[in-house]
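Analysis of the macromolecular model
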Protein chains: 2
Amino acid sequence: MIKVIIFDLDNTLYNEKEYVISGFKAVALFLAREKSLDYCTVYSSLLESFVINERGKNFNYLCNKLNIDKSIIRRLVDVYREHYPEISLKEDIEMFLLELSRKYKLCLLTNGWLLPQKMKVESLRLDRYFDTIYYSQQDGLDLAKPHPKYFMKILQFYKIEASEALMIGDDPVADIQGAKDLNIPYFQISNELDDNEKQKIMQFLHNNI
Amino acid sequence: MIKVIIFDLDNTLYNEKEYVISGFKAVALFLAREKSLDYCTVYSSLLESFVINERGKNFNYLCNKLNIDKSIIRRLVDVYREHYPEISLKEDIEMFLLELSRKYKLCLLTNGWLLPQKMKVESLRLDRYFDTIYYSQQDGLDLAKPHPKYFMKILQFYKIEASEALMIGDDPVADIQGAKDLNIPYFQISNELDDNEKQKIMQFLHNNI
C-alpha cells in the first residue's frame, strides 16, 4: 500500500520555463535601474537568446548584443538566482495535490540551488499540500538525486518500506533512476503533470490500496 | 557509389528557431505600424509565448495579453508566412556544402508552405550549392515527405538507383522513414548539422566511393 508520494518540483508541478521568464524579468528590471537600459530591449534579448540557445549562454548573448561589459554577468546570475519568482500552480494541479494530500503524505524532493528552490516553494505555496520538503542541495551537489541519501531519509522519516512510497518526476536520471535504485515505485511524467498522467497515477494508487 | 545527396532544409541546414524569431519581428513591425503598438512589447510577448507554449498558440497569446481583437490573427499569420526571412547559414555549414557540392550533386527536398520555403531558400542563397530544389508542397500536403513521390522524382531526374542517393535530414518520419521506404541510405541528424555529424557523413561518403 502506498503511504507517501514523493514529488519532484521543476517540470513536474509547474513548467520551469515560467521560472526562466520570471528570472529574465528580474534581470531586465535590474539592468534598467542600474544601467539605464531599456527594460523591454533587455527582456526581449534574453528571451531571444533562450529561444535560440536554450540555457547557459543567455547573459553572454545579452552582453554581446547590447554591448554591456561582461564583468556584470556574475551579478546578473545573482539577480536571477535571488529573485522572488512569479510562478504559480495550474488550477488542475492544485486540485490534484489537494485530493492526494487528503489520502497520502506528500513529500517534495528537489535538486537545484537552495535559495531559488526555497523561493519557488514559497511562491507556489507548496506548504499547503506538502507534509515534508527536502532540498538535496542542502548537503552539496554530490548528494543530489539520483544519490540515495534523501530517498532513504524520506523512507526512514516516514518509517516505510520502498514499496510504500511512490516517486513522481520528469527526470530520467535524478527522479527515475534514483527511485529505481531503491526499488521505489515511480511514474515518469513528460513535463508538468497532464490529465492523462494524473489519471494513470490515480489508477495506480487505486490498484495499490 | 553515392552520386546525389538529398538534404532537408529546416533544422538540418539552419536552426528553424531563427526563422521563428525573424517572423516574430515582422509581425511586431506590422502591429507597430498598423495599430501603433510598441514594437518591443509585441516582440517580447511573442517570444515569451513561444518559450512557454512553443508553436501554434502564439498569436492567440499575444492578442489576449495586449488586448488586441483576435480577428487580426489571420492577417498576422499572413504577415508571418509572407515575410522575407532574416536567416543565414553558419560558416561551417557553408564550407561543408561547398565541399560536398564539388564532388556530388546536391538536391534540396523540403516540406512546408511553398512561399516561406522559397523565401528561406532565397535568403540562405542555397542556389549557390544546390543543383535542384524540390518543394513537396507544390502538389499539396498529401504528397509531402515521407510520401515517395518526390524521392522517386529525384531518383528519376538523376537517373540513379536508390543506393546512389543519400538522404540527410532531422525528421524521423518525413526524412528518415521516407528514405527507408525506398531503400535510400540516410543520415538522421539531431538539429542543424554539427561537427560530429558532418564527420560521420564524410566518412560514410569516403567508404562509398
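Residues numbered from 1 in each chain as written. Chains lettered and ligands numbered in written order. Predicted model: local features only at pLDDT ≥ 70, side-chain atom pairs only at ≥ 80, totals over all residues. Heavy atoms only, no water.

Another aspect to go through is the relation of the copies chain B and chain A. When chain B is fitted to chain A, the best match, at an RMSD of 0.0 Å, comes from turning it 180 degrees and sliding it 0.0 Å along the axis. The superposition operator between the copies reduces to a two-fold rotation axis. Taking C-alpha positions as reference, the residue of chain B nearest the rotation axis is Ser 44 of chain B, located at 2.3 Å. Most of the interface of chain B is mirrored in chain A, where 100% of its interface residues again form contacts. (Least-squares fit on C-alpha atoms with pLDDT ≥ 70 in both. Contact = heavy atoms within 4.5 Å.)

Another point: unusual backbone geometry. Residues and elements named next belong to chain A. The omega torsion of the bond from Lys 145 to Pro 146 falls at 15 degrees, within 30 degrees of zero and hence cis. With respect to the element layout, Pro 146 can be found in the loop between strand 3 (132-135) and helix 7 (148-158). For Arg 125, which is not glycine, the phi torsion reads 50 degrees and is therefore positive. Structurally, the position occupied by Arg 125 is in the loop between helix 6 (114-123) and strand 3. Exposure remark for Arg 125: the relative accessible area of 49% places this residue in the partly exposed category. (Helix = DSSP H or I, 4+ residues; strand = E, 2+ residues; numbered from the N terminus. Buried < 20%, exposed > 50% of the residue type's maximum accessible area, 1.4 Å probe, protein only.)

Residues and elements named next belong to chain A. Split by domain assignment, chain A resolves into domain 1 (4-15 + 88-207) and domain 2 (17-82). Here the C-alpha centroids of domain 1 and domain 2 sit 30 Å apart. On the domain 2 side, the residues contacting the eight residues of domain 1 number five residues. For the pair domain 1 and domain 2, the summed buried surface comes to about 690 Å²; carbon and sulfur atoms form 56% of the total. The largest share of the area that domain 1 buries against domain 2 comes from Asn 15, Trp 113 and Pro 116, three residues that together contribute 52% of it. Remark: the boundary between domain 1 and domain 2 carries two residue pairs in polar contact (both at pLDDT 80 or more). (Domains from an automatic or database assignment. Buried area = accessible area lost by both parts, 1.4 Å probe. Polar contact = N/O pair within 3.5 Å; in protein donor to acceptor, adjacent residues only side chain to side chain.)

On to helix 1 (residues 16-35) of chain B. Residues and elements named next belong to chain B. Taking 1.5 Å per residue as the helical rise, helix 1 with its 20 residues ought to reach 28 Å, and the 28 Å between its terminal C-alpha atoms agrees with that figure. In this structure Asn 15 caps helix 1, since a side-chain oxygen of it lies 2.9 Å from the backbone nitrogen of Lys 17. After helix 1 finishes, the residue Ser 36 shows a positive phi value of roughly 50 degrees. (Expected span 1.5 Å × (residues − 1).)

Moving on: the interface of chain B and chain A. In this assembly, 15 residues from chain B lie in contact with 15 residues from chain A. Looking at the side of chain B facing chain A, the largest losses of area belong to Glu 48, Val 51 and Ile 52 of chain B, adding up to 38% of the total buried there. Seen at the junction of chain B and chain A, the total is zero salt bridges. Listed by contribution, the elements that provide at least two residues to the side of chain B that touches chain A are helix 1 and helix 2 (39-53) of chain B. (Salt bridge = Lys/Arg side-chain N within 4 Å of Asp/Glu carboxyl O.)

Moving on, we come to empty space enclosed by the protein. Scanning all chains against the criterion turns up one cavity of 30 Å³ or more. Counted as a void, the largest cavity has a volume near 50 Å³. Lining the largest cavity we find Lys 17, Phe 50, Val 51 and Glu 54 of chain A together with Lys 17, Phe 50, Val 51 and Glu 54 of chain B. For the lining of the largest cavity, the secondary structure elements donating two or more residues are helix 2 (39-53) of chain A together with helix 2 of chain B. In terms of residue class, the lining of the largest cavity is made up of four nonpolar, no polar and four charged. (1 Å grid on protein atoms, 1.4 Å probe; cavity = no way out; pocket = protein on both sides within 12 Å on 5 of 7 lines; lining within 4 Å. Points joined across faces, edges and corners; volume = space filled by probe spheres on them. Nonpolar A, V, L, I, M, F, W, Y, C, P; charged D, E, K, R; others polar.)

Right, let's talk about the state of the cysteines for a bit. Inspection of every chain in the model, using the stated rule, returns one disulfide over all chains. Note on cysteine connectivity: Cys 40 of chain A is disulfide-linked to Cys 40 of chain B, with sulfurs 2.5 Å apart. Residues Cys 40 of chain A and Cys 40 of chain B share a disulfide whose torsion about the S-S bond is about -105 degrees; that sign makes it left-handed. Here Cys 40 of chain A, found in helix 2, pairs with Cys 40 of chain B, found in helix 2, and the two come from separate chains. Taking the relative accessible area as the measure of exposure, Cys 40 of chain A reaches 12% and is therefore buried. In this structure Cys 63 of chain A is a free cysteine whose sulfur lies 17 Å from that of Cys 40 of chain B, the closest cysteine sulfur available. Given a relative accessible area of 2%, Cys 63 of chain A falls into the buried group. (Disulfide = S-S within 2.5 Å.)

Attention now moves to the sheet that holds strand 4 (residues 165-169) of chain A. As a general point, the strands of a sheet are linked pairwise by backbone hydrogen bonds and lie either parallel or antiparallel. All names here are of chain A. Read from one edge of the open sheet, five strands run 3-2-1-4-5, paired in parallel fashion. Two strands in the sheet have a free side with no partner beyond their single neighbour: strand 3 and strand 5 (186-188). Adjacent strand axes in the sheet meet at a mean angle of 20 degrees, parallel and antiparallel pairs treated alike. Pairing analysis gives four bridges linking strand 1 (residues 4-7) to strand 2 (residues 105-110), with the strands arranged parallel. Across the sheet, the residue bridging to Val 4 is Lys 105, located in strand 2. Its contacts with the sheet put helix 5 (residues 91-103) on strand 1 and strand 2, and the angle it makes with strand 1 is roughly 150 degrees. Contacting strand 4 and strand 5, helix 8 (residues 172-181) runs over the sheet at an angle of about 160 degrees to strand 5. (Pairing = 2+ DSSP bridges. Axes fitted to C-alpha atoms, helices over the stretch in contact; angles between N-to-C directions.)

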